[in-house]
Amino acid sequence: MDQLGAYTTRSGERPNLRRILLDLIEEYARHAGHADLIRESVDGLTGEDPPR
């Protein structure tokens, strides 16, 4: 997890694998939340489970 990535930022820093994975998880969660909001606005239902 401490291995440096091949990517270099504009400031010359190289993030480690831990930072890269955390950024990916954060972005995935953010977009999944947006997709859920869009779905809720389309079908009018809220929550995770379909109605019975």
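The coordinates are above.
Read on for a plain summary of the structure. Keep in mind the model is a prediction, meaning the values are calculated, not measured.

Reading the values: rules and limits
- Residue indices follow the written sequence of each chain, beginning from 1 at its first position.
- Given that the model is predicted, a residue must reach a pLDDT of at least 70 before its local features are reported, and side-chain atom pairs must reach 80 or more before they are shown or counted; all residues, however, enter totals for whole chains, interfaces and linings.
- As a rule here, side-chain values cover all heavy atoms of the structure and leave hydrogens and water aside.
- For helices the rule is a DSSP run of H or I covering at least 4 residues; for strands it is a run of E covering at least 2, with both sets numbered from the N terminus onward.
- Relative accessibility under 20% of the residue-type maximum defines a buried residue, over 50% an exposed one, and the middle range a partly exposed one, all with a 1.4 Å probe and only protein chains included.
- Accessible areas in this description were obtained via Shrake-Rupley with a 1.4 Å probe; residue shielding takes into account the shown protein chains only.
- Patch construction takes residues with relative accessible area above 30% that form no salt bridge. Like charges are linked within 9 Å, and nonpolar side chains (Val, Leu, Ile, Met, Phe, Trp, Tyr) are linked within 5 Å.
- Any Lys or Arg side-chain nitrogen found within 4 Å of a carboxyl oxygen on Asp or Glu counts as a salt bridge.

Let us look at the overall build of the protein chain. What the protein chain contains, in helices and strands, is 1 helix and 0 strands. For the protein chain, the proportion of its 52 residues judged to be buried stands at 6%. Entry remark: accessible area of the protein chain is about 4,900 Å², with carbon and sulfur atoms responsible for 57%.

With that settled, consider a nonpolar patch on the surface. A cluster of nonpolar side chains, contributed by Met1, Leu17, Leu21 and Leu24, occupies part of the molecular surface with about 350 Å² of accessible area. Checked against the element boundaries, Leu24 lands in helix 1 (residues 17-43).

Shape descriptors only; they carry no functional weight alone.
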